[in-house]
Every structure is written in structure tokens, then in C-alpha cells.
Amino acid sequence: MFLYNLTLQKGGGVQCAVYGNFSAPKAQEIVVSRNKVLELLRPDESGKMQTIVSTEVFGVIRSLAAFRLTGANRDYLVCGSDSGRIVVLQYDKERNRFDKVHQETFGKSGCRRIVPGQFLCVDPKGRAIMIAAIEKAKLVYVLNRDTEANLTISSPLEANKSHVVAFHVAALDCGLDNPVFAAIELDYADADQDSTGEAAAEAQKHLTFYELDLGLNHVARKSSEPIDNGANHLIAVPGGGDGPGGVLVCAENFIIYKNQGHPDVRAVIPRRNALSGDRGVLIVSSATHRTKQQFFFLAQSEYGDIYKVTVEYQKGTEFVSEVKIKYFDTIPPCVSICVLKTGFLFAASEFGNHALYQFQGIGDDEDDVESSSATLVETDEGYQPVFFEPRALRNLHPIDDVESLCPVLDMQCHNLVAEETPQLYALCGTGPRSTLRVLRQGVALSEMAVSPLPGNPNAVFTVRKSASDEFDAYIVVSFTNATLVLSIGETVEEVSDSGFLGTVPTLSASLLGDDSLLQVHPGGLRHIRADKRINEWRTPGRKTVTRVTTNARQVIIALSGGELIYFELDQTGQLMEVEKLETSGDVACLDIGPVPEGHLRNRFLAVGSFDSTVRILSLGAEDCLQTMGVQALAAAPNSLLMLRDDGSGSIYLNVGLTNGVLLRADVDSVTGQLSDTRARFLGARPPKLSAVSVQGKAAMMALSSRPWLGHFDLANRFALSPLSYEPLEHAAPFSSDACPEGVVAVAGNTLRIVAVERLGEQFNQRTCKLRYTPRQMSVNVDRNTLAVVECDQSSVPYDERTGLEGAAGEKDTKMDVEGEEDDEEEDEVTMTPAEQFGAPKAPPGSWASCVRIVDPASASTKQIVEMTGNEAALCCCHVYFPQADELFLAVGSAVSLTFSPRDSEGGFIHLYRYTQDGGIELFHKTPLDGVPGAMCGFKGRLLVGVGNTLRLYDFGKKKLLRKVENRNFPNFIKTIHAQGERIYVGDVQESFHYVRYKREDGSMYIVADDVQPRHVTAACPLDYDTIAGGDRFGNVFVSRLAQDVSDEIEEDPTGGKTAYGQGALNGASHKINQVTQFHVGETVCALTKGTLQAGGLESMIYATLMGTLGALMPFGNREDVDFCTHLEMHMRQELPPLLGRDHLAFRSSYFPVKDVIDGDLCEMYTVLPHEAQRRVAEDMDRTVSEVLKKLEDLRAKVA
Amino acid sequence: MATAADRFNINSQLEHLQSRYVGTGHADTNRFEWAVNIHRDSYASYYGHHTMLQYFAIAENESIGRVKYNMMQKMLLPCGLPPEREEE
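Residues numbered from 1 in each chain as written. Chains lettered and ligands numbered in written order. Predicted model: local features only at pLDDT ≥ 70, side-chain atom pairs only at ≥ 80, totals over all residues. Heavy atoms only, no water.

Under the annotation held in an unreviewed UniProt entry, chain B carries the name Splicing factor subunit and is attributed to Micromonas commoda. Under the UniProt heading Sequence similarities (unreviewed entry), the note attached to chain B is "Belongs to the SF3B5 family." (UniProt positions renumbered as here; feature names shortened; annotations may be inferred.)

As annotated in an unreviewed UniProt entry, chain A is DNA damage-binding protein 1 from Micromonas commoda. Quoted verbatim from the Sequence similarities (unreviewed entry) field of the UniProt record, the comment on chain A reads "Belongs to the RSE1 family." In its Subcellular location (unreviewed entry) section, the UniProt record describing chain A reads: "Nucleus".

S.K.: In this structure, what is going on with the overall build of chain A? I would like to understand it.
M.R.: Per the secondary structure count, chain A includes ten helices and 92 strands. Here chain A has a C-alpha radius of gyration of 33 Å; the compact-globule value for 1199 residues is 33 Å, and the two agree. Summarising its shape, the C-alpha atoms of chain A cover approximately 110 × 90 × 65 Å along the three principal directions. Classification of the 1199 residues of chain A by burial places 60% in the buried group. Restricting to contacts in chain A with at least 6 residues of sequence separation, those with at least 24 account for 55%. (Helix = DSSP H or I, 4+ residues; strand = E, 2+ residues; numbered from the N terminus. Rg over C-alpha atoms; globule rule 2.2 N^0.38 Å. Buried < 20%, exposed > 50% of the residue type's maximum accessible area, 1.4 Å probe, protein only. Contact = heavy atoms within 4.5 Å.)

S.K.: What's the story with the overall build of chain B in this structure? I'm lost.
M.R.: When helices and strands are counted, chain B shows four helices and zero strands. Along chain B, helices and strands appear, N-terminal first, in the series α-α-α-α. Here the analysis covers contacts within chain B between residues at least 6 apart in sequence; of these, 47% occur between residues at least 24 apart. With an accessible surface of roughly 5400 Å², chain B has 52% of that area assigned to carbon and sulfur atoms. (Areas by Shrake-Rupley, 256 points an atom, 1.4 Å probe, with all protein chains shown as cover.)

S.K.: What should I look at first to understand unusual backbone geometry in this one?
M.R.: Leaving glycine out, the prevailing phi sign among residues is negative, and the prevailing peptide bond configuration is trans. At the junction of Cys406 of chain A and Pro407 of chain A, the peptide bond is cis and its omega measures out at -10° in the coordinates. Within the secondary structure layout, Pro407 of chain A lies in the loop between strand E35 (396–402) and strand E36 (408–414). The residue Ala149 of chain A is not glycine, and still its phi comes out positive at about 65°. Topologically, Ala149 of chain A is positioned in the loop between strand E12 (138–145) and strand E13 (151–153). Phi at Asn61 of chain B is positive, roughly 55°, even though this residue is not glycine.

S.K.: Sorry, what's going on with the packing of aromatic side chains here?
M.R.: Aromatic rings considered in pairs are described by the distance between their centres and by the relative angle of their planes. All names here are of chain A. Under the defined criterion, the tally for this structure stands at 28 aromatic pairs over all chains. Measuring from centroid to centroid gives 6.1 Å for Trp847 and Phe899, while their planes differ by 80°, and the two rings are edge-to-face. Note that Trp847 is positioned in strand E70 (residues 847–855) and Phe899 in the loop between strand E73 (886–895) and strand E74 (907–914), a separation of 52 residues in sequence. Phe899 sits in the partly exposed class, given a relative accessible area of 33%. (Phe/Tyr/Trp six-rings, centres within 6.5 Å; stacked < 30°, edge-to-face > 60°.)

S.K.: What am I meant to see in the sheet that holds strand E28 (residues 334–340) of chain A here?
M.R.: Sheet strands associate in pairs through backbone hydrogen bonding, adopting either a parallel or an antiparallel arrangement. Residues and elements named next belong to chain A. Strand order across the open sheet formed by four strands is E28-E29-E30-E35, with antiparallel pairing between neighbours. The strands lining the two open edges of the sheet, one partner per strand, are E28 and E35. In this sheet, adjacent strand axes meet at a mean angle of 20° when their direction is disregarded. Sheet topology places strand E30 (residues 354–359) next to E35; six bridges connect them, and they run antiparallel. Pairing of His354 across the sheet is with Val402, part of E35. (Pairing = 2+ DSSP bridges. Axes fitted to C-alpha atoms, helices over the stretch in contact; angles between N-to-C directions.)

S.K.: I keep staring at the nonpolar core and nothing clicks. Help me out?
M.R.: Soluble globular proteins tend to pack their nonpolar side chains together in the buried interior. Residue and element names in this part refer to chain A. Counting 63 residues, the largest nonpolar core has Ile134, Val140, Phe181, Ile184, Leu207, Leu234 and Val249 as the members making the most contacts within it. Discounting chain neighbours no more than four positions away, the residues touching Leu234 are His168, Val169, Ala170, Ala182, Ala183, Ile184, Leu207, Val247, Leu248 and Val249. If you look at the next biggest cluster of nonpolar residues, it comprises 45 residues, including Val408, Leu1092, Leu1109 and Val1187. (Core = buried A, V, L, I, M, F, W, Y, C linked by side-chain atoms within 4.5 Å.)

S.K.: Is there a simple way to explain the interface of chain B and chain A in this structure?
M.R.: Frequently, the measure chosen for interface size is the accessible area that the parts lose on association. On the side of chain A, 67 residues touch chain B, which itself brings 42 residues to the contact. For the pairing of chain B and chain A, the buried interface totals around 4300 Å² over both sides, and the portion due to carbon and sulfur atoms is 58%. On inspection of chain B and its partner chain A, the count reaches five salt bridges. Note that Glu302 of chain A and Arg66 of chain B form a salt bridge whose closest N and O atoms lie 2.6 Å from each other. Joining chain B to chain A, the criterion identifies 16 residue pairs in polar contact (both at pLDDT 80 or more). Listed by contribution, the elements that provide at least two residues to the side of chain B that touches chain A are helix H1 (2–20), helix H2 (31–48), helix H3 (50–60) and helix H4 (64–73) of chain B. Of the residues assigned to the side of chain B that touches chain A, the class counts are 22 nonpolar, twelve polar and eight charged. (Buried area = accessible area lost by both parts, 1.4 Å probe. Salt bridge = Lys/Arg side-chain N within 4 Å of Asp/Glu carboxyl O. Polar contact = N/O pair within 3.5 Å; in protein donor to acceptor, adjacent residues only side chain to side chain. Nonpolar A, V, L, I, M, F, W, Y, C, P; charged D, E, K, R; others polar.)

S.K.: Help me out: how do you make sense of the domain arrangement of chain A in this one?
M.R.: Each assigned domain of chain A is listed with its residue range as follows: domain 1 (59–226), domain 2 (407–442 + 762–805 + 832–868), domain 3 (869–967), domain 4 (970–1081) and domain 5 (1115–1197). On a C-alpha basis, the centroid separation for the pair domain 1 of chain A and domain 4 of chain A is 46 Å. (Domains from an automatic or database assignment.)

S.K.: Looking at this model, I keep getting lost on a nonpolar patch on the surface. Mind explaining?
M.R.: Residues and elements named next belong to chain B. Taken together, the side chains of Ile10, Leu14 and Leu17 present a nonpolar region at the surface, about 240 Å² in accessible area. Locating Ile10 in the fold gives a position in helix H1. Its relative accessible area of 52% is what places Ile10 among the exposed residues. (Patch = residues over 30% accessible without salt bridge, like charges linked within 9 Å, V, L, I, M, F, W, Y side chains within 5 Å.)

S.K.: How should the environment of Glu60 of chain B be read in this particular structure?
M.R.: By secondary structure assignment, the location of Glu60 of chain B is in helix H3. Apart from residues lying up to four places away in sequence, Glu60 of chain B is in contact with Gln793 and Ser794 of chain A together with Val67 of chain B.

S.K.: It is not clear to me how the packing of H3 of chain B against H4 of chain B should be interpreted in this structure. Could you clarify?
M.R.: Working note: a packed helix pair is described by the angle between its axes plus the distance between those axes. Residue and element names in this part refer to chain B. Put simply, H3 and H4 touch, their axes get as near as 9 Å, and they point 105° apart. As far as their axial angle goes, H4 and H3 are roughly perpendicular. Only Ile64, Val67, Lys68 and Met71 of H4 make contact with H3, whose side of the interface consists of His50, Leu53, Gln54, Phe56, Ala57 and Glu60. Among the residues forming the contact of H3 with H4, the class breakdown is six nonpolar, two polar and two charged. (Parallel < 35°, antiparallel > 145°, perpendicular 65-115°, else oblique.)

S.K.: Looking at this structure, I do not really get the pairing of strand E78 (residues 949–954) of chain A. What am I missing?
M.R.: In summary, the side chains of a regular strand alternate between the two faces of the sheet. Residues and elements named next belong to chain A. Within E78, six of the six residues are buried, leaving the element largely enclosed by the surrounding structure. The alternating pattern of E78 places Thr949, Arg951 and Tyr953 on one face and Leu950, Leu952 and Asp954 on the opposite face, and all of these are buried. Both strand E77 (residues 941–946) and E78 contribute to a ladder of five bridges, which runs antiparallel. Residue Leu942 lies in a different strand from E78, and its bridge partner there is Tyr953. Between the end of E77 and the start of E78, which pair antiparallel, lie two residues, with Gly947 showing a positive phi angle near 55°. Here E78 pairs with strand E79 (residues 961–966) via five bridges, running antiparallel. Within E79, the residue paired with Tyr953 across the bridge is Arg962. Between the antiparallel neighbours E78 and E79 lie six residues.

S.K.: Just to check I follow, could you spell out the side chain of Ser434 of chain A for this structure?
M.R.: Residues and elements named next belong to chain A. Here Ser434 is to be found in the loop between strand E37 (423–428) and strand E38 (435–441). There is a polar contact of 3.1 Å between the side chain of Ser434 and the backbone oxygen of Tyr772. The contact partners of Ser434, leaving out residues within four places of it in the chain, are Cys428, Gly429, Cys768, Lys769, Leu770, Tyr772, Thr773 and Pro774.

S.K.: Where do I start with the pattern of salt bridges in this structure?
M.R.: When their charged atoms lie close together, side chains carrying opposite charge are able to pair. Residue and element names in this part refer to chain A. Inspection of every chain in the model, using the stated rule, returns 70 salt bridges over all chains. Note that Arg97 is salt-bridged to Asp99, the shortest N-O span being 2.9 Å. Asp187 is the salt-bridge partner of Lys161, the closest N and O atoms lying 3.4 Å from each other. Within this pair, whereas Lys161 is found in the loop between strand E14 (157–158) and strand E15 (164–171), its partner Asp187 is found in strand E16 (residues 180–187), the two being separated by 26 residues in sequence. On the basis of relative accessible area, Lys161 is assigned to the partly exposed category, the value being 29%. Taking relative accessible area as the criterion, Asp187 reaches 33% and is therefore assigned partly exposed. Counted as one network, the salt bridges with shared partners bring together Asp329, Asp365, Asp367, Asp368, Arg391 and Arg394.

Shown next as C-alpha cells:
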């Protein structure tokens, strides 16, 4: 079995983010690390975050920092990763990619304890980088410039100290003095030796200053001062004339100003009123805002509260007199916050959607709680805390919400709403920000307007009044015997003064030349000049115009009988007939692209005929209407579109065939020859093609049984993606003030104005908000509804919440929204108080939990059943009991669950019965002696994994009846699946176990297990002997029981029980084999099978905690395997990963990669330089276009 | 003579390794030292792999920042107090 790994959607989660000016001076940009993807983001004019470039690095990004050399105005990016190398990158604006400027190796690869890469900081003047490991190692690289002003990097200077753990490092701002770095360090050497515990109790964190002596080229450990033992985060304070220098040490509950030879200035972090006394307040992220006049810091606590920290100091002596911490606002907790110079705040959330906020104030309100070092009161119990009550946003105003699936905790693929292709149902997010998302493949279309029409139109056009106009003036809708002209203004209304003839159907309406209009109807042409003079051209005899194509200067019409007539606009603005051509039969379709800039005419005309051919005719003066290229087709063409890629200048001819296939061919820009055709099945209806514009580039809409969009993506590749919208019949580009890049389309008898949003996203989503972190879901196949179990530790149950986080707050928000609806923008991002503040905290070991029934069609909740008695619902499944002849929902819950060590006060199986209206009611509860980890229906009974016991329950009137059990599983049962007589059990640490059930003697026994210790998080049985799994460390693997062993087990009358009763070495007698293995790089929590395309291939689909969706597609034949293996091998040579990690080593991080080909790497073939593309293709005995076509075909099978 | 030099050589190489790579074992490594070392390595690995931190954070319903902090705090005494030394 060979698999092809393809990322369907890159992860939305962010691991860290840095602000900088990467592409141009003053460009407000943010580089985010999405664990293994590096992205450059930039807010556009309307405040939407746009992805500019996104690169897979095939490694783990651990830290980022931006820096610039003195006098420069653009930033470099430096990355710490698991490659054992430091990499300096620069963004190349022309080629839209990150270029590697330097790559220096310093250690082993992998996320190791003593290999630097975890912490990174850069001297504010860009003179030196410190890269540090969690333990011992710290390296300093000196940055400089050579004579050509190129960045140079020195060999590393070591500042190692054994037995020392680093918590954070920061680079001090000391102007032009020697660079100084500060680190929070903890020495454990003594504690390891001292068995009395005294040394451990006395262990003290230190703030150590390292000075890089630029003259001596040497790093010295300058001083080390004891600091608060709760210290975890450092913020450098501006210095060197702009401020006092030094650092703010963020510790649990305190922020302390420290500098060499300066007394500590300590201020207490204000804490929420509701927070219990035993919980500290930890700063988890921070940002610095500095202008010429002032500077302040924003620091965010683990609960999401942002504080504004200011430092009062005396200019000159640089003596810090006071540190003030003021409550600023509350947003969900972030991994990084970035302040943009233009007054925005980018908040990269730990989980869930990210957001862009605009500053509305800088926390100058008097009534906000402030704590100060000057008013610090020390009592017997320690320092006196300061309290505040979190409130709605005051200083920040949400502008944009950046969707992120991170983390996906479960995902299943079903077609519950009877659509063409199945939907993905994903459980995302944590706590009150959890969601159930219904994902449909395709780009989302947002609907701007829908209006009914008097009949079913047969075409729609948009027309501008003059070439210099920015927006369209008319929408022309053609019916079988009439034409409707709508004028676009404040409103869209019918007009009759446009000059268009209203009593005939329209074949084409367009702008001709600079300011005249052209209407083509079956009877002829109607040329409307700017001064409303009308020139008519009538068809000769009884002939009618059947097909037409136009651009700004050229018009070609096809008459019935197959005559082509070519008109061109002359110098005086008159439409002149240039040439005529008799063809053998009727013309099926015609297309001419727009006039290329700087040219008088477009040279190519594409003509499709009913004899299943398409021809390219020349429109040049010498060889007018001569055939240049011919392509035979599989079916008659229905629609044609010439698309020109402005980037490379190449022309593509797209042909929609009557059999539903879209064909794309390259048109040679000199000879007009057609080559390199690619076909793709789009749907049951012949695709109708229309030219539109997306992000300022030419694009295509193909309307089949579902609409598709063909466009040039970020990497300037042509991408064809389905649109998630109902079937459309006709479309035309549309541009107006409110909607600069839209499409006006016809569906049935309605006219719609739609626009493409968030082009990069492969899936569009419908969201149903949840209350707690979702854990599992199960589909009721009879009613097509979903059951979701949710639970949260140390969180107050929803019904017991008294503050705004409960029901009261939700109501308030709704009221607010309704009240303000008129004056607020539509896309206003609103959060309920619970989403903004997080759920109120309860002591550890207490749980809030519920069971929810969701209607997938509307993505809305039908019913919520709250759990009581500190129960946590962990697993659920639908089970059919023949005795009751009913489908029940079984939910497993644990009481007072605690982790490390895992313990509970028992648990329950709740059995719910469905009521008439689709709700649920409790049927009965069965007590358990442990934690239920997984459940599965099995032969009219229920299999439950309780701790390390697998148990089979039968239906009972009062409770479930225990029938069979097996206690021999190693740790904890995480997954259960069943097929036939076989049960597949996944253990939390020990991989899969194949279990056989024997009804005759009522026993279950393990027949096979795995030799590899897999921490199973997800499982998906593929066939009777094969199961696919995902583990905690980010691997996906497929295991299989050998055929002979499988047969043996099946045929043996004892089922192998006697012969293999006791296995070898505490394990089962048979072992399952590893078939494939692949390191995804992110914890895979959901694995499912599905076909996302009509006519596509069934593949495994996985989702990770970072929100990545990927597919593992099985190869159909050996040729493809060989092809991809070779291509992958070449790609490893030609394009080594950006951050210096070896691709093969990364994919083999935990287990050697086996029989999985990395499609993500193969697809990077398209970004290779042409020279390299050719070289690789030649080595593989193929042409470049063959390779590209193969790659496209492979992706088209899944996505 | 040659053998003595070799032995010396191997020993010095080992010493070099032990000083250079934290956790390199020696003949007298005891159970506790080994466990401490494994735990520290594990925490460091979790800390470096962001998705592992997410995994723990979701289970504990804490912020990732807090999980990171807790892990680093555990680098000191990951396995509790060391056993008493046997006098030689």
C-alpha cells in the first residue's frame, strides 16, 4: 500500500508571530509560524488580514525574531527550528517568497534539551543574535555588513553553563554600547544531589546578563542576580536615550523592573475578582509600543487580560521610580500579540480564531484599575493584591476575525444533508470558544443581493459606460424574447434610456472602444455611440447570429449555417467588417480574449464546432481567419474561454465539453498551436465558462452542476476550486462601489450578486457554537443528527455561572447586537462575555460537561443536556439494541476525573433514548468502576473501554448488563472499532490490539498486538485486517495483520484461543505489521475516510490540533508510485526545506517513513526555477508539462 | 603500552561526551539519574513541539503559557527528591 500525502488546508493555529517591515519600508506585516508553515500576513486597506506568502518548511518552527541592520529600512527574519541551524531569511517581493540569506549549523537536529533554537532574541540595533536552548547552551552570533552592504554572520560565540535551565531570554536595549542579553535561569545541579530537599527548596531563579564584547569578540556572563521564583517572561525596556533600559521581569503575580546596578521596582499584577486565591496570574505574551515620545508595554495574562505597563523614570539618571500596571482590555489568550505602527493589534490566539483589533484608546481612562510599585503594600501574607472586574472591550475594537480550525479534536465525513459531496464535521476550539464546524469543500461565495426576475434569463452581462470607468453601469439580462437593462447606482433599477434594444434577446452586450456600447442580438449588431447615435448592422437574408464574442476592439459573429464574420473598430470609432469565412457546419462556441495591453488587437480566436474540434484562428492582418491550431475533443464543446496569465504571458484555452469535462490547453503565443491539454470532470452539466476577475487577476468561472473558480493562486499556479454555492446558470463579472470584485449570476429566475471571499481557504464553514471543549461526536444515522459530548476541567458549569459568562451575558450580547444593528457594520465581530473572558475557573478536578444534539442542516443546536455531579462526558456512540428495537445514544462519563495520575470516582454510562421531536431523554444510567475512554456498538450490544478493561454490555431495563470483559489491556483504552467478529482497540500508549469475540463461550481475547509503542489518538479501520491510526507525536500509520495469520485465526475453530492463549513476553501471540508510516508534524486527533469530490478517490482524511486538514490518498498503480517516488527524491535535492531540516529526517522524526510520498513536497515542483524543472523532468524522461499535469491530476483526485 | 593508551583514550572520549552531552550515561548511572534525565528530555521535547503543548493545554484547560511554565518548573526535581547516597 502506497499513500500520497496532500495537505488540503494549511493549519490555522499560530505558534508564534512577529511584527516587522519585511517587504518594504513601513509595510505593516506580520510573520507567523504555524508550527511547520511560515506565513507572511498583511492587513489590506479594509483591515482584512491577507496571506501574502505561505511556505511549508518541513520542520518544526520554534521561535522567530525580526531584526534590521542600522540604517536599513527593511527587516530580516531569523528562525529557530528543530534543524540545529540558525536561518536568516529575507522576503523577496518580486518572487514573493522567503529567501535564505544565511544558514549556520550549530548542533544536532530535533527539539532537544541542549540544542539551541527554543529561544531567540536580537539586539535592538541588529548587531547580535542570541539563540538559546532550554538547558545549558546559548550561542551568540554577531551580525555585520560587508562592503557590498550584505548581511554577514559570525561564527557562534558560546555562553554555555551546565545544569542551568533557561525560561526566557531577551536582548536589552543599550543603545550603541556593547549588546547585552538577559536570561531567566535556574540552576538544578545542587537539587539533583541533595536528598534532603533543602537545596531544592532553596533553588533560586536568577536573571543573568550576558555581555557581548564587540571589541574582543567574546561573550561574558556579566552578572547574575536572584529574582522572583515565579519569573517566566522578560520584556526589554527601551534604552539608549529613549528610556531607562533594563528589563521587566514578568513573574507569577508580579512585574518587576530590573537592571544592572538598579534596585528592583516591583508592582503587583491586578487580578480578577472572581479568581480564587490559589491561582497565580502569569504573563504569557507581550508587545512593546514605542514612538519617539513615549513607550509602553501590553502584557497579556493567561486568562486573556491585557495590561498596559508603563515605566516612570528620570531622564538623565535613567533611574526608574515607578512601574504601573493598568487593566487595558480582555481578549482570548494569545501566543503572541503584535502592535502595528498604524494603530492595530494583531492577536494570535492560542486556540480558535485570531483577530485584528484597532486601538480606540491607549488605556488613559481614569476609572480602570491600576496597580503601581509606589502603592505596593506588603502584609504578613505577602503583597496586597489589586482586584479588577473584566469588562467589555473599550480600548480595542475588533476589525477582522481570522478563521482558524485549531484545534480539531474530532472530525468525521458524512453526507447528512444530501448534497453532491459529503461534508466534514469538525469539532474545534476549546472552552467557551468551541465550535462545531461544517466544512464543505470549495471557496465560499458571499451573497450581496438576491432579486427575483420575471422569467428565466438565458444570459447576463455587465457593461461599463466608458473604458475609464471604474465600475459597471448596466446589468443586461437577456430573456428568450426580451432584454432587461438595469442601471447600477445607489440602487439597481430598470432603465430604458441606455440605447439597448429591449424587444430582442441579447447575445452579447459590451463596451466597445473607449465609450461606445455594443449589443448583439440574433438580428444583427447595434452599435451605440457615446452621443447616442446608433449604427445598425443587419444579418443578410434569413440568417441569424448564433454565437458572438467581443472584446474592446474586435467582434466576431457566427451566423446560422456556419459563417464567421469578423469586425474591427477602426480609427474613427466605426465598426468595420474585415473578413468572412464559411465553415463546414454550425459553430458551437466562440471566444476571443481581451486585447493585450499595448496591442491593437488580440491575435487569437477560438472556435468550437459540433464535430468535436476546437480551432485557433488568426486575426492578424496577413492571415486573417486562417487556422493556426486544431485540437480534437472527446465531446462537442459547449463553451470556450481564453485566459491569459499576466505573470508569464502564457495563454490558456479552456473548453467546457458537453460531457461535463473541462479541458485546458496551452496556446502557443506565437504559432497558436494547442498543446498540453488537461481534462477534469466538473459535474453533470456542460460547464459554461465566463471570465471574471479575482484579486485583480483574470479568472474564470465554470458553471456546471456546481460552480467552479479557476484562478491564479499565490504561487501564480492555475488552481481550479469548487465554489460552495448553489448551481448557477450564467455569470458575468461585476464591479461597483460596494462590491469592487463581484460576480452577477443567474440561478433559476433570480439574479444574484456574489463575491468570492477568503480565496486561500479550501473549505468554507458553517459554525455552531458550543459551550465546552468538545470531545467526541457520533452520528444518528436514522435521523441524520449529530450528538456531541463536551466537557471542561476546572471550569464552572454554565448553569452555575452567576456572572456575565453565564446565560445572563449571552442574553445581554444578543440584546446589544439587535439594538445596534442599524449603525454597526454587518461584519462586526461580536463575542459573548464567556468567549471574551473565558469560563470562570473552578478548582482542578471539577468538571463542567454537557451532551448536545445538533441539526447539521442548519448547524444549530436542538437540545443540550447538562451533566451534573461533577461528571465529565468523554465518549459517546449510537447503539442499536434489538431487545428494545431502538437506536440509543450512549454517553460515557467519569466522575471527578483527574490526570497524572489518571483517577476518578467511578463513572457512568448514560443511555439516552430519542424522542419524537429528535431530542433525547435519559433512559437509565449504569455505574462504572473506572474512566470510560471509548465506546462502540457491536452486534446489538455495547462495547465500552473502561480504563484498561474492554467490556461488553447488553441491554437491560434498569441498567446495562455486563456480559464479557477482558482486563488485559496495557494502559487505557482510547479507541474501539468493530467489524464482523473482530474488535480493534487502541491503547493510549501501546498501539492497536486486535480482539476476537467468541459468542459460543462468551469470551473476548487479544489475538494480535503491535510491537511499536504508539500513543494512539485516532483510529480508522480500512478493511478487515487493516487499521489506520494517528498518534500523539504527529504520526499517521497503517497497520495490518498478515493474511496468513488472519486466515489462521478465522479458520481455527477455537479461534486460536488454545494455541495462542498465552502470548510471548506479556504480549499477544501474533503481531500486526506496519504497512505505512508518515510524520505529519502535528498531533493528529481525527482520522476518517471519505470522498470529497464527485468522481474522486476515497482517501483517508486527517485533521490536526493546529487545524491542518490533510488527505492520504492510496495510489492506484505502480507507475504513479514510481513517478512520485522519483519526483520526491529529486525535490529533496532541488529544494531542500527552507529552515535547513532534512525532509526525509523530518518525515521520519519518530519512525522511519514508509511507503508514503509527500505530495506537499512534490507540488513544490511548480515553484522551482524553469531550469531546474526541466532538469528534473529530463531525469525522469518526461517533459515539464507532463510532470505538472501528473501533479495536477493527483490533486484533482482528492481536492 | 598501546592497550593502556587505548583505554585512556576511550575513557577520555567518554568523559568528553559526558561533559558535552547532558545525560550521557556512565557505568554507575542509577535508576533515579536515568529517570530524571528521561523526564527532562521529555519536557524539553514537549516544550519544543507546540502541538504537544496544545494537547496538554486542552486536557488541563489551562493556557499554553501556563503549561509551558509548569513544565519548566518541573525541570527542577522532575522525579521528586533524589534517593540517599550510599556511602562507599
